[in-house]
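# Report on the structure
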Amino acid sequence: MAGADSYRSDKRRMRYFIVVALIVLGVIFLRQKKAENSVPKKTAEAVAKTTLTPRPASKQDWAKAAIDRTNAVKQQVKRERASNEVP
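Residues numbered from 1 in each chain as written. Predicted model: local features only at pLDDT ≥ 70, side-chain atom pairs only at ≥ 80, totals over all residues. Heavy atoms only, no water.

## Structural notes on the pattern of salt bridges
Tallied over the entire structure, the rule returns three salt bridges. Among the salt bridges present, the one from K33 reaches E36, with a minimum N-O distance of 3.9 Å. Placement of both K33 and E36 in helix 1 (residues 2–38) is noted, with a separation of three residues, approximately one turn of the helix. K33 gets classed as partly exposed once you look at its relative accessible area, which sits at 37%. Accessibility expressed as a relative area gives 43% for E36, which makes it partly exposed. One salt bridge in this structure joins D68 and K64, with 3.2 Å as the shortest N-O distance. Of this pair, D68 and K64 both sit in helix 3 (residues 62–84), four residues apart, which is roughly one turn of that helix. Residue D68 is classed as buried on the basis of its relative accessible area, which comes to 18%. We classify K64 as partly exposed; its relative accessible area is 42%. (Salt bridge = Lys/Arg side-chain N within 4 Å of Asp/Glu carboxyl O. Helix = DSSP H or I, 4+ residues; strand = E, 2+ residues; numbered from the N terminus. Buried < 20%, exposed > 50% of the residue type's maximum accessible area, 1.4 Å probe, protein only.)

The following block contains the structure:
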């Protein structure tokens, strides 16, 4: 019957481990949520400004609109990278 005691102690240790792991994961999750909420969000105007194309795309100009949008995104990325660089 020595094996039964070992099984019970292993089961208790596993329960303890799972409870501690869940608590640790919960703390990590809550800290991450707090960090996300503390980051200032972009205004709706700034988001809308970046998502609008200069002109509406028609059936004939869909390829031109796609190229224009690609160039606009490239320029935006270039500006963001330049502003993120530390001198």
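What follows continues from the structure just given.
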